[in-house]
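An overview of the molecular structure
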Amino acid sequence: MKVAVFSTKPFERDPLASALAPRHEPRFLEPGLHAATAPLASGCSAVCAFVNDRLDAPCLDALAALNIRHVALRSAGFNNVDLPAAQRHGITVARVPAYSPHAVAEHAAALLLTLNRKTHRAFNRVREQNFALDGLVGFDLHAKSAGVVGTGKIGARFARIMLGFGCRVLASDPAPDPELLRLGVEYLPLRDLLAASDIVSLHCPLTPATRHLIDAKALAAMKPSAVLINTGRGALVDTRALIAALKQGRPAAVGLDVYEEEADLFFRDLSGEILQDDVFARLMTFPNVLITAHQGFLTREALANIAATTADNLDGFERGSPPEPNLVTPSLFA
Ligand code: NAI
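Residues numbered from 1 in each chain as written. Predicted model: local features only at pLDDT ≥ 70, side-chain atom pairs only at ≥ 80, totals over all residues. Heavy atoms only, no water.

Structural notes on the domain arrangement of the protein chain
Under the domain assignment, the protein chain is made up of domain 1 (2-99 + 300-333) and domain 2 (101-291). The centre of domain 1, based on its C-alpha atoms, is set 29 Å off from the matching centre of domain 2. Summed over both partners, the interface of domain 1 with domain 2 buries about 990 Å², with 64% contributed by carbon and sulfur atoms. Scanning the region where domain 1 abuts domain 2 turns up zero salt bridges. (Domains from an automatic or database assignment. Buried area = accessible area lost by both parts, 1.4 Å probe. Salt bridge = Lys/Arg side-chain N within 4 Å of Asp/Glu carboxyl O.)

Side note on helix α4 (residues 101-117)
Taking 1.5 Å per residue as the helical rise, α4 with its 17 residues ought to reach 24 Å, and the 24 Å between its terminal C-alpha atoms agrees with that figure. Counting buried positions over the 17 residues of α4 gives twelve, a clear majority of the element. All of the buried residues in α4 are Pro101, Ala103, Val104, Ala105, His107, Ala108, Ala109, Leu111, Leu112, Thr114, Leu115 and Asn116. In the segment just after α4, Lys118 is the residue with positive phi, at about 55°. (Helix = DSSP H or I, 4+ residues; strand = E, 2+ residues; numbered from the N terminus. Expected span 1.5 Å × (residues − 1). Buried < 20%, exposed > 50% of the residue type's maximum accessible area, 1.4 Å probe, protein only.)

Quick look at the layout of surface pockets
Sizing a probe to match a water molecule and rolling it over the atoms shows the empty space that remains. Empty space within the largest pocket amounts to approximately 1100 Å³. Forming the boundary of the largest pocket are 43 residues, of which Gly152, His203, Cys204, Pro205 and Leu206 lie nearest the centre. Going through the elements one at a time, α4 and α6 (153-164) are the ones with two or more residues in the lining of the largest pocket. Classifying every residue of the lining of the largest pocket gives 23 nonpolar, 15 polar and five charged. Residue-level mapping places the lining of the largest pocket at the junction of two domains, with at least three residues from each of domain 1 (2-99 + 300-333) and domain 2 (101-291). Of the voids in this model, the second largest pocket is the one considered here, and its volume is about 800 Å³. Considering the residues around the second largest pocket, the lining is formed by 32 residues, among which Val51, Asn52, Asp53, Glu262 and Ala263 are closest to the centre. Residue classes in the lining of the second largest pocket are distributed as twelve nonpolar, nine polar and eleven charged. Two domains share the lining of the second largest pocket, each providing at least three of its residues, namely domain 1 (2-99 + 300-333) and domain 2 (101-291). (1 Å grid on protein atoms, 1.4 Å probe; cavity = no way out; pocket = protein on both sides within 12 Å on 5 of 7 lines; lining within 4 Å. Points joined across faces, edges and corners; volume = space filled by probe spheres on them. Nonpolar A, V, L, I, M, F, W, Y, C, P; charged D, E, K, R; others polar.)

Looking at the site of the ligand
Neighbouring residues of the ligand: 23 residues in total, closest Tyr99, Lys153, Ile154, Asp173 and Asp257. Arg233 is positioned with one of its side-chain polar atoms (N or O) 3.3 Å from an oxygen atom of the ligand. The fraction of the free accessible surface of the ligand (870 Å²) that becomes covered by protein chains is 83%. In a pocket analysis with a 2 Å cut-off to the grid points, the ligand is assigned to the largest pocket. Residue composition of the shell around the ligand, by class: nine nonpolar, ten polar and four charged. (Near = heavy atom within 4 Å. Polar contact = N/O pair within 3.5 Å; in protein donor to acceptor, adjacent residues only side chain to side chain. Areas by Shrake-Rupley, 256 points an atom, 1.4 Å probe, with all protein chains shown as cover. Sits in = over half its atoms within 2 Å of the grid points.)

This is how it looks when you write it as C-alpha coordinates:
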(Lines give C-alpha, C1' and ligand atoms only; values in the text may rest on other atoms or scores of the structure.)
Protein backbone atom coordinates (compact mmCIF):
# COMPACT_ATOMS: atom_id res chain seq x y z
CA MET A 1 0.00 0.00 0.00
CA LYS A 2 1.22 3.51 -0.80
CA VAL A 3 1.54 5.66 2.31
CA ALA A 4 2.32 9.38 2.43
CA VAL A 5 4.56 9.89 5.47
CA PHE A 6 4.33 13.56 6.45
CA SER A 7 6.72 15.54 8.69
CA THR A 8 9.49 12.98 8.14
CA LYS A 9 12.68 13.78 10.06
CA PRO A 10 16.09 12.26 9.25
CA PHE A 11 16.25 10.44 12.62
CA GLU A 12 13.07 8.41 11.93
CA ARG A 13 13.49 7.70 8.24
CA ASP A 14 15.61 4.53 8.61
CA PRO A 15 13.50 2.85 11.31
CA LEU A 16 10.32 3.67 9.36
CA ALA A 17 11.75 2.56 6.02
CA SER A 18 12.80 -0.83 7.37
CA ALA A 19 9.53 -1.46 9.26
CA LEU A 20 7.25 -0.42 6.37
CA ALA A 21 9.30 -1.53 3.38
CA PRO A 22 8.40 -5.22 3.16
CA ARG A 23 4.69 -4.59 2.67
CA HIS A 24 4.21 -0.88 2.06
CA GLU A 25 5.51 1.84 -0.22
CA PRO A 26 6.29 4.86 1.96
CA ARG A 27 6.45 8.28 0.30
CA PHE A 28 8.62 10.27 2.69
CA LEU A 29 7.62 13.94 2.78
CA GLU A 30 9.27 16.69 4.80
CA PRO A 31 6.28 19.09 4.96
CA GLY A 32 3.79 18.82 7.78
CA LEU A 33 0.26 17.66 6.98
CA HIS A 34 -2.49 20.27 6.86
CA ALA A 35 -5.21 21.22 4.38
CA ALA A 36 -2.80 22.92 1.94
CA THR A 37 -0.27 20.05 1.89
CA ALA A 38 -2.85 17.20 1.80
CA PRO A 39 -2.61 16.95 -2.04
CA LEU A 40 0.97 15.63 -1.59
CA ALA A 41 -0.73 12.36 -0.60
CA SER A 42 -2.35 12.00 -4.01
CA GLY A 43 -2.19 8.38 -5.21
CA CYS A 44 -1.73 6.99 -1.68
CA SER A 45 -4.28 4.97 0.32
CA ALA A 46 -3.14 6.15 3.75
CA VAL A 47 -1.28 8.98 5.41
CA CYS A 48 1.14 8.73 8.29
CA ALA A 49 1.23 11.83 10.52
CA PHE A 50 3.07 13.21 13.53
CA VAL A 51 2.13 15.31 16.57
CA ASN A 52 2.03 18.77 15.02
CA ASP A 53 0.33 17.80 11.76
CA ARG A 54 -3.06 19.53 11.66
CA LEU A 55 -5.73 16.98 10.74
CA ASP A 56 -8.65 19.37 11.11
CA ALA A 57 -11.91 19.15 9.12
CA PRO A 58 -10.59 20.95 5.99
CA CYS A 59 -7.51 18.67 5.93
CA LEU A 60 -9.63 15.53 6.37
CA ASP A 61 -12.03 16.77 3.65
CA ALA A 62 -9.03 17.12 1.32
CA LEU A 63 -7.71 13.66 2.24
CA ALA A 64 -11.15 12.07 1.75
CA ALA A 65 -11.37 13.70 -1.70
CA LEU A 66 -8.10 11.87 -2.54
CA ASN A 67 -9.74 8.63 -1.40
CA ILE A 68 -7.53 8.30 1.67
CA ARG A 69 -9.23 6.08 4.21
CA HIS A 70 -6.63 5.70 6.94
CA VAL A 71 -4.53 7.92 9.18
CA ALA A 72 -1.63 6.20 10.94
CA LEU A 73 -0.41 8.49 13.72
CA ARG A 74 3.20 8.07 14.79
CA SER A 75 2.27 9.39 18.23
CA ALA A 76 0.35 8.42 21.35
CA GLY A 77 -1.48 11.77 21.52
CA PHE A 78 -4.29 12.39 19.01
CA ASN A 79 -5.50 15.86 19.98
CA ASN A 80 -4.48 17.13 16.52
CA VAL A 81 -7.16 15.05 14.74
CA ASP A 82 -10.78 16.13 14.29
CA LEU A 83 -12.17 12.67 15.06
CA PRO A 84 -15.85 13.41 14.23
CA ALA A 85 -14.71 14.72 10.81
CA ALA A 86 -12.64 11.56 10.28
CA GLN A 87 -15.63 9.41 11.23
CA ARG A 88 -17.90 11.31 8.82
CA HIS A 89 -15.53 10.42 5.98
CA GLY A 90 -15.09 6.81 7.11
CA ILE A 91 -11.39 7.47 7.73
CA THR A 92 -10.01 5.19 10.44
CA VAL A 93 -7.39 6.66 12.76
CA ALA A 94 -4.80 4.56 14.57
CA ARG A 95 -2.05 5.63 16.96
CA VAL A 96 0.92 4.17 18.77
CA PRO A 97 -0.47 4.07 22.30
CA ALA A 98 2.72 2.89 24.01
CA TYR A 99 6.03 3.08 22.21
CA SER A 100 8.16 3.79 25.21
CA PRO A 101 6.65 5.18 28.38
CA HIS A 102 10.22 4.98 29.72
CA ALA A 103 11.49 7.51 27.16
CA VAL A 104 9.05 10.26 28.18
CA ALA A 105 9.08 9.53 31.92
CA GLU A 106 12.89 9.52 31.94
CA HIS A 107 12.93 12.81 30.03
CA ALA A 108 10.59 14.34 32.62
CA ALA A 109 13.04 13.15 35.30
CA ALA A 110 15.95 14.63 33.29
CA LEU A 111 14.22 18.03 33.20
CA LEU A 112 13.57 17.84 36.94
CA LEU A 113 17.15 16.84 37.82
CA THR A 114 18.65 19.47 35.53
CA LEU A 115 16.49 22.26 36.96
CA ASN A 116 17.09 21.16 40.52
CA ARG A 117 20.86 20.61 40.40
CA LYS A 118 21.41 23.22 37.66
CA THR A 119 23.75 21.01 35.66
CA HIS A 120 23.01 23.06 32.51
CA ARG A 121 24.45 26.14 34.22
CA ALA A 122 27.32 24.20 35.80
CA PHE A 123 28.34 22.81 32.39
CA ASN A 124 28.74 26.32 30.96
CA ARG A 125 30.47 27.67 34.05
CA VAL A 126 33.09 24.94 34.20
CA ARG A 127 33.91 25.34 30.50
CA GLU A 128 34.67 28.99 31.26
CA GLN A 129 36.81 27.98 34.25
CA ASN A 130 34.25 29.50 36.58
CA PHE A 131 34.30 27.02 39.42
CA ALA A 132 32.18 29.10 41.80
CA LEU A 133 29.12 27.34 43.22
CA ASP A 134 26.94 30.35 44.02
CA GLY A 135 23.45 30.03 42.60
CA LEU A 136 23.71 26.27 42.12
CA VAL A 137 22.05 25.14 45.36
CA GLY A 138 19.43 22.44 44.80
CA PHE A 139 17.33 20.27 47.12
CA ASP A 140 17.24 16.57 48.00
CA LEU A 141 14.49 14.79 46.11
CA HIS A 142 14.41 12.25 48.93
CA ALA A 143 11.34 12.71 51.15
CA LYS A 144 9.84 15.42 48.91
CA SER A 145 6.28 15.10 47.58
CA ALA A 146 6.03 14.40 43.86
CA GLY A 147 2.58 15.01 42.34
CA VAL A 148 1.81 13.05 39.18
CA VAL A 149 -1.16 14.29 37.14
CA GLY A 150 -2.30 11.35 35.00
CA THR A 151 -0.99 7.92 35.95
CA GLY A 152 -1.41 6.10 32.66
CA LYS A 153 1.56 4.43 31.02
CA ILE A 154 3.96 7.39 31.22
CA GLY A 155 2.75 8.85 34.52
CA ALA A 156 2.97 5.42 36.19
CA ARG A 157 6.61 5.12 35.04
CA PHE A 158 7.36 8.60 36.33
CA ALA A 159 5.69 7.74 39.67
CA ARG A 160 7.94 4.68 39.99
CA ILE A 161 11.05 6.76 39.20
CA MET A 162 10.06 9.22 41.91
CA LEU A 163 9.45 6.35 44.36
CA GLY A 164 13.00 5.25 43.52
CA PHE A 165 14.28 8.64 44.64
CA GLY A 166 12.52 8.15 47.96
CA CYS A 167 9.74 10.63 47.26
CA ARG A 168 6.24 10.53 48.69
CA VAL A 169 4.22 10.16 45.50
CA LEU A 170 0.83 11.83 45.15
CA ALA A 171 -1.35 11.32 42.10
CA SER A 172 -4.46 12.63 40.43
CA ASP A 173 -6.29 10.51 37.87
CA PRO A 174 -9.97 9.60 37.42
CA ALA A 175 -8.81 5.99 37.04
CA PRO A 176 -6.34 5.18 39.87
CA ASP A 177 -3.75 2.49 39.11
CA PRO A 178 -4.15 -0.39 41.61
CA GLU A 179 -0.47 -1.31 41.30
CA LEU A 180 0.59 2.24 42.21
CA LEU A 181 -1.85 2.22 45.14
CA ARG A 182 -0.16 -0.99 46.32
CA LEU A 183 3.22 0.77 46.09
CA GLY A 184 1.94 3.52 48.40
CA VAL A 185 0.99 6.19 45.88
CA GLU A 186 -1.75 8.43 47.33
CA TYR A 187 -4.53 9.61 45.00
CA LEU A 188 -5.91 13.10 45.67
CA PRO A 189 -8.12 15.62 43.90
CA LEU A 190 -5.99 17.87 41.67
CA ARG A 191 -6.26 20.97 43.94
CA ASP A 192 -5.05 18.99 46.98
CA LEU A 193 -2.20 17.49 44.94
CA LEU A 194 -1.12 20.95 43.74
CA ALA A 195 -1.13 22.34 47.29
CA ALA A 196 0.87 19.44 48.73
CA SER A 197 3.47 18.76 45.99
CA ASP A 198 7.09 19.93 45.76
CA ILE A 199 7.16 18.61 42.20
CA VAL A 200 4.18 18.54 39.81
CA SER A 201 4.53 16.54 36.60
CA LEU A 202 1.81 16.48 33.93
CA HIS A 203 1.09 13.19 32.13
CA CYS A 204 -2.59 13.38 31.19
CA PRO A 205 -3.79 13.70 27.59
CA LEU A 206 -4.92 17.02 26.15
CA THR A 207 -8.70 16.96 25.82
CA PRO A 208 -11.30 19.73 26.01
CA ALA A 209 -11.51 18.94 29.75
CA THR A 210 -7.76 19.21 30.42
CA ARG A 211 -7.02 22.28 28.28
CA HIS A 212 -5.40 24.87 30.60
CA LEU A 213 -5.66 22.45 33.53
CA ILE A 214 -2.79 24.50 34.96
CA ASP A 215 -4.26 28.00 34.82
CA ALA A 216 -3.76 31.04 37.06
CA LYS A 217 -5.81 29.47 39.87
CA ALA A 218 -3.95 26.18 39.72
CA LEU A 219 -0.59 28.01 39.70
CA ALA A 220 -1.68 30.02 42.75
CA ALA A 221 -2.62 26.77 44.51
CA MET A 222 0.92 25.36 44.06
CA LYS A 223 3.71 25.84 46.58
CA PRO A 224 5.87 28.80 45.49
CA SER A 225 8.89 26.48 45.92
CA ALA A 226 7.44 23.81 43.58
CA VAL A 227 8.92 22.61 40.30
CA LEU A 228 6.43 22.17 37.44
CA ILE A 229 7.24 19.71 34.64
CA ASN A 230 5.14 19.35 31.48
CA THR A 231 5.99 16.61 29.02
CA GLY A 232 2.28 16.01 28.20
CA ARG A 233 0.92 18.59 25.78
CA GLY A 234 1.59 22.33 25.73
CA ALA A 235 -2.01 23.44 26.16
CA LEU A 236 -2.32 21.63 29.50
CA VAL A 237 -0.71 24.83 30.78
CA ASP A 238 -2.00 28.37 30.20
CA THR A 239 1.34 29.85 29.11
CA ARG A 240 0.34 33.48 29.66
CA ALA A 241 -0.81 32.67 33.21
CA LEU A 242 2.47 30.79 33.75
CA ILE A 243 4.50 33.82 32.65
CA ALA A 244 2.49 36.07 34.98
CA ALA A 245 3.12 33.65 37.87
CA LEU A 246 6.85 33.33 37.06
CA LYS A 247 7.13 37.12 37.17
CA GLN A 248 5.73 36.91 40.72
CA GLY A 249 8.40 34.32 41.57
CA ARG A 250 6.38 31.09 41.38
CA PRO A 251 6.71 28.24 40.66
CA ALA A 252 10.41 28.02 41.58
CA ALA A 253 11.30 26.25 38.34
CA VAL A 254 9.55 25.01 35.21
CA GLY A 255 10.60 22.27 32.77
CA LEU A 256 8.72 22.11 29.49
CA ASP A 257 9.05 19.63 26.65
CA VAL A 258 5.88 20.93 25.03
CA TYR A 259 4.42 24.36 24.32
CA GLU A 260 0.90 25.48 23.36
CA GLU A 261 1.95 27.01 20.05
CA GLU A 262 4.80 24.61 19.33
CA ALA A 263 3.47 23.65 15.90
CA ASP A 264 4.93 26.87 14.46
CA LEU A 265 8.32 26.33 16.11
CA PHE A 266 9.36 22.84 17.11
CA PHE A 267 11.03 20.16 14.96
CA ARG A 268 12.71 22.79 12.75
CA ASP A 269 15.99 24.71 12.72
CA LEU A 270 14.88 28.34 12.97
CA SER A 271 18.24 29.55 14.29
CA GLY A 272 18.68 32.00 11.39
CA GLU A 273 15.21 33.50 11.70
CA ILE A 274 13.54 36.22 13.74
CA LEU A 275 11.37 34.66 16.45
CA GLN A 276 7.81 35.91 15.95
CA ASP A 277 6.24 34.32 19.04
CA ASP A 278 6.54 36.94 21.81
CA VAL A 279 5.05 34.64 24.45
CA PHE A 280 7.66 31.96 23.76
CA ALA A 281 10.39 34.63 23.63
CA ARG A 282 9.40 35.84 27.12
CA LEU A 283 9.28 32.28 28.43
CA MET A 284 12.86 31.72 27.29
CA THR A 285 14.14 34.71 29.29
CA PHE A 286 13.46 33.13 32.70
CA PRO A 287 16.62 31.56 34.15
CA ASN A 288 14.48 29.00 36.00
CA VAL A 289 12.65 27.76 32.88
CA LEU A 290 14.16 24.89 30.91
CA ILE A 291 12.59 24.13 27.52
CA THR A 292 13.25 21.18 25.23
CA ALA A 293 11.59 20.98 21.83
CA HIS A 294 9.28 17.95 22.25
CA GLN A 295 12.01 15.34 22.46
CA GLY A 296 10.59 13.21 25.27
CA PHE A 297 9.95 10.39 22.78
CA LEU A 298 13.39 10.57 21.21
CA THR A 299 15.15 7.34 22.11
CA ARG A 300 16.30 4.57 19.75
CA GLU A 301 13.91 2.13 21.42
CA ALA A 302 10.92 4.46 21.05
CA LEU A 303 11.66 5.18 17.37
CA ALA A 304 11.89 1.45 16.61
CA ASN A 305 8.61 0.77 18.45
CA ILE A 306 6.83 3.66 16.71
CA ALA A 307 7.90 2.28 13.33
CA ALA A 308 6.87 -1.31 14.18
CA THR A 309 3.42 -0.35 15.52
CA THR A 310 2.81 1.99 12.59
CA ALA A 311 3.52 -0.95 10.25
CA ASP A 312 1.09 -3.13 12.28
CA ASN A 313 -1.57 -0.43 12.03
CA LEU A 314 -1.16 -0.17 8.25
CA ASP A 315 -1.21 -3.98 7.89
CA GLY A 316 -4.37 -4.13 10.00
CA PHE A 317 -6.04 -1.42 7.95
CA GLU A 318 -5.29 -3.36 4.76
CA ARG A 319 -6.85 -6.48 6.31
CA GLY A 320 -9.98 -4.58 7.41
CA SER A 321 -9.13 -2.77 10.64
CA PRO A 322 -6.05 -1.72 12.64
CA PRO A 323 -5.54 -3.60 15.94
CA GLU A 324 -8.34 -2.61 18.35
CA PRO A 325 -6.13 -1.14 21.13
CA ASN A 326 -4.51 1.24 18.63
CA LEU A 327 -7.76 2.53 17.14
CA VAL A 328 -8.61 6.13 17.99
CA THR A 329 -12.31 6.78 18.46
CA PRO A 330 -14.16 9.81 19.87
CA SER A 331 -14.94 7.74 23.00
CA LEU A 332 -11.24 8.14 24.00
CA PHE A 333 -12.06 11.78 24.75
CA ALA A 334 -14.54 10.71 27.43
P1 NAI B 1 -2.32 7.06 28.83
O2 NAI B 1 -3.56 7.11 28.04
O3 NAI B 1 -1.69 5.74 29.15
O4 NAI B 1 -2.55 7.80 30.25
C5 NAI B 1 -3.21 9.02 30.40
C6 NAI B 1 -3.79 9.03 31.82
O7 NAI B 1 -4.32 10.33 32.07
C8 NAI B 1 -4.94 8.03 32.02
O9 NAI B 1 -4.68 7.23 33.15
C10 NAI B 1 -6.17 8.92 32.22
O11 NAI B 1 -7.11 8.34 33.11
C12 NAI B 1 -5.50 10.16 32.82
N13 NAI B 1 -6.33 11.36 32.77
C14 NAI B 1 -7.26 11.72 31.84
N15 NAI B 1 -7.80 12.90 32.19
C16 NAI B 1 -7.21 13.29 33.34
C17 NAI B 1 -7.36 14.41 34.19
N18 NAI B 1 -8.23 15.38 33.93
N19 NAI B 1 -6.57 14.48 35.30
C20 NAI B 1 -5.69 13.51 35.60
N21 NAI B 1 -5.51 12.42 34.82
C22 NAI B 1 -6.26 12.31 33.73
O23 NAI B 1 -1.30 8.02 28.09
P24 NAI B 1 0.30 8.01 28.16
O25 NAI B 1 0.84 7.08 27.16
O26 NAI B 1 0.71 7.88 29.57
O27 NAI B 1 0.62 9.49 27.61
C28 NAI B 1 0.21 10.64 28.32
C29 NAI B 1 0.39 11.85 27.43
O30 NAI B 1 1.79 12.11 27.25
C31 NAI B 1 -0.14 11.69 25.98
O32 NAI B 1 -1.52 11.98 25.91
C33 NAI B 1 0.67 12.69 25.24
O34 NAI B 1 -0.03 13.92 25.21
C35 NAI B 1 1.95 12.85 26.07
N36 NAI B 1 3.14 12.35 25.34
C37 NAI B 1 4.22 13.19 25.21
C38 NAI B 1 5.34 12.77 24.53
C39 NAI B 1 6.57 13.63 24.39
O40 NAI B 1 7.43 13.32 23.56
N41 NAI B 1 6.72 14.67 25.19
C42 NAI B 1 5.39 11.45 23.88
C43 NAI B 1 4.23 10.63 24.15
C44 NAI B 1 3.14 11.09 24.82
